[in-house]
Amino acid sequence: MQAKASLKRLSRRAIAYVGRRARTLGGRIALLYVLLLACVMAITLAVASSGITMFARQAAERELSANARVFDQIIATRQAQMADAGEVVAHDFGFREAFATGDAPTLTSAIQSLRDRARVSAVAIVQLDGSVVASDGANAINGAAMLTRLEQGQDRGVVVLDGTQGLAAAVPIEMPDLAGWLVLVNRLGSEDMKQLARLSAAEVQASITDQSALSGSLASIGLGENTTIDGANGQLLVRISAISSLQNGLQPRLVLAHSLDKSLAQYSHLRLILVLISLIGVLAGAWASIRLSRGLARPLQSLAEAARAYGRGTVAKVKVEGFIEVRSLADSFNAMVDAVEEREQQVLHASLHDALTGLPNRRFFIEELDHAVARQNERHRTFVALVDVDDFKAVNDTMGHPVGDEILRSLAFALRDSFPEAMVARFGSDEFGVLLQGLDPVQDCNSIARSLEAVLNRSMAINGRTTQNSASVGIAVGPQDGASVDALMTGAELALSRARSDGKGSCHFFEPDLDAEASRRRRMEVDLRRAVGQGDFELFFQPLFSISENRIKGFEALMRWPHGEQGMISPAQFIPIAEETGLIVQMGEWAVREACRQAAGWPGDISVAVNISPRQLTSDGLTTCVAQALAQSGLPASRLELEITESVFIGDVEKTLKILHSLKALGVRVALDDFGTGYSSLSYLRSFPFDKIKIDQSFVRAMGEGGSANAIVRAITTLADALGMVTLAEGVETPELLAALRGEGCDMIQGYLISRPVPGAKVQDLLAFQHLPQKLRAAG
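Residues numbered from 1 in each chain as written. Predicted model: local features only at pLDDT ≥ 70, side-chain atom pairs only at ≥ 80, totals over all residues. Heavy atoms only, no water.

*Asks:* Any details on the nonpolar core? Residues and values, ideally.
*Replies:* Leu640 and Phe690 are the most contacted members of the largest nonpolar core, which totals 77 residues. The contact partners of phenylalanine 690, leaving out residues within four places of it in the chain, are Ile644, Phe649, Val670, Ala671, Leu672, Tyr684, Leu685 and Met725. One finds Ile75, Leu107, Ala179 and Leu237 within the second-largest nonpolar core, a separate group that totals 37 residues. (Core = buried A, V, L, I, M, F, W, Y, C linked by side-chain atoms within 4.5 Å. Buried < 20%, exposed > 50% of the residue type's maximum accessible area, 1.4 Å probe, protein only. Contact = heavy atoms within 4.5 Å.)

*Asks:* Got a sec to walk through the sheet that holds strand β2 (residues 132-134)? Specific residues and values, please.
*Replies:* The strand order β2-β1-β5-β4-β3 describes an open sheet built from five strands, whose pairing is antiparallel. Of all strands in the sheet, those bounded by a partner on one side alone are β2 and β3 (156-161). When the angles between neighbouring strand axes are averaged without regard to direction, this sheet yields 35°. Pairing of strand β1 (residues 122-127) with β2, which is carried by three bridges, proceeds in the antiparallel orientation. Each bridged residue has a counterpart across the sheet, and for alanine 124 the counterpart in β2 is alanine 134. Sheet strands touched by helix α4 (residues 104-118): β1, β2 and β5 (178-187). Its angle to β1, the strand with the most contacts, is close to 140°. (Pairing = 2+ DSSP bridges. Helix = DSSP H or I, 4+ residues; strand = E, 2+ residues; numbered from the N terminus. Axes fitted to C-alpha atoms, helices over the stretch in contact; angles between N-to-C directions.)

*Asks:* So what's going on with the pattern of salt bridges? Residues and values would help.
*Replies:* Under the criterion given, the structure shown has 24 salt bridges. For arginine 530, the salt bridge identified is with aspartate 527, shortest N-O distance 2.9 Å. In this pair, arginine 530 and aspartate 527 both sit in helix α17 (residues 513-534), three residues apart, roughly one turn of the helix. Since its relative accessible area comes to 42%, arginine 530 is described here as partly exposed. Lysine 664 is the salt-bridge partner of aspartate 691, the closest N and O atoms lying 2.5 Å from each other. Of the two residues, aspartate 691 sits in the loop between α23 (681-687) and β23 (692-695) while lysine 664 sits in helix α22 (residues 653-665), which places them 27 residues apart along the sequence. Among the ionic contacts, a cluster of salt bridges with common partners joins Arg450, Glu525, Arg529 and Glu580. (Salt bridge = Lys/Arg side-chain N within 4 Å of Asp/Glu carboxyl O.)

Next comes the structure, spelled out in structure tokens:
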């Protein structure tokens, strides 16, 4: 409010100032300009406000229509799930025999069990005469009212259960002729509708009401239309949709209501911003008008001042304004300044650049390095690389100087194109310099060095002849290798000398600080390549425990590297190197084959889960690898589960989904790992039917700290249950977390509470004592 008042005071002062100057030509022009600008701003503001209101309403209508489709899909999914559960019982031989013999106790027990297993409100058998055999809580089902529609082949719809409307799915009982129907009913009370509403994209109020019970304003709304009515708390956007009925005399309607006032309130800040912008625009226009009025009489004065400044050696130009004669004079003056400046730039460019390649020369490189050193610190590092082309003198002697010049130009262009953010300079003859400044600590200098080697050490076609080129590279990184230009250049030269002594195509970092880490990383990369070739890895297995069944249902395969000299190396050390070098593809394929081979020897219902890296998923041949691993091991596809993370969807999403569907076609299961750590998880769930969702351990551990973690886990389990997906919580280490997860409806757990990862030889030992101890079951 204070800012708004200040703007108003400034506006009044500006208008008053313009008014005082209205007696001059400049003042009158300024006043007219301000008034026109104010009128334009007012009209624009009115049109924009009207457009915002129209847009908000259209957006609300689109959201409401989308929510209606979501509700229809959720209701259809629930009815399909009930029908699937009923199909199993209706085709059961024992059930049909009990139905045929009129064994009432057996029928009652069967439908009670079906009701509990399918998690529905009631189950009933409607016979051909309309009589009903019902489970507890289903005595009020009117079988006679349903008979007509059942005989017409309708098997989905809404029925009345104890005075409450509920979703129903009917399954015919055939022996082999039709003998009746098995009907599953799920009540749709207010809490159920609230739960459904929470699954929608926008805030809505949902209810299912019979057509006869609609009030006057609602009764006049056509089906599928979006209509505005007055509600208790403002205007409501209402949509009424028809729902199929499985009972005569019942016309159920889905009523969705969305508050228009809330939708419009979201744009109130935008209207305020438009008002402020308009006011600022008027003030800016007033300021510009004042500036214009002041400058009308000074173009010649500006030209004279520019000429005096240029005489003192300062490059200055004048604005081309005023009368035509003055503008012509200003144009001529500016053209003269441009011509002199261009010639000076040409001279300066020639003194700072190499004539053969067009790259900066050593002098320019040193000047830029001096600026970089002045700004460098631990968070803004300076990367200096000196490059020396190997055996370049022999190339000139054997192939001629024109070929040598062409090689230098090709290398120069390749370096410049491969490192567009760097300064690439030619120092003379066959030496180049590369400068990267402002590198943050997370940027890997080793990766940059490998990229340099890839650019420099390659074959190239010159005038129809193929030459194999290589270069030695010395690297220094500031500030750790030097706090001055001389120190960094000396360090890079010493490293270049060491690289030359190592042989052609070598790259060396300045020692001792950075080179020690680079050497360690390079040694690990070499050892990793050797380990991949020799198969030195092992798989450890961590149990996946079912809470409801109180037993181990599978294991996750985890890779371990027992190094001959360093002992067991953590995956956190070698997996990033494997990802960076591409070795992860070979390692991942080995893990899939080895996991299938070992799991084939486990009991028949124990599955194995294998992590698939994003790089492995995007490479060709993953589906073939999985198919071959299953065929060679004899492991059923249903016992193999592949775990992916949301990061695989970054990039070519269409290709990723195609590969996932091809894996799904093999019969393997696919799990979404670390769910909740991304921001688009829901879109992935809609795009691909995952079998399992693994809740990230950050949410699980936070459940013991209070806050919103429990609500997040509950939302995930509810969503997964609605989509028919299993949920597994990672990082469960205490009985208290187990109890909390059981209360939130989680299906499975994984963590140290059950077991640490164990070698494959100990899997059978875990399976022999897999049940949760009694004290933990009590805690759960």
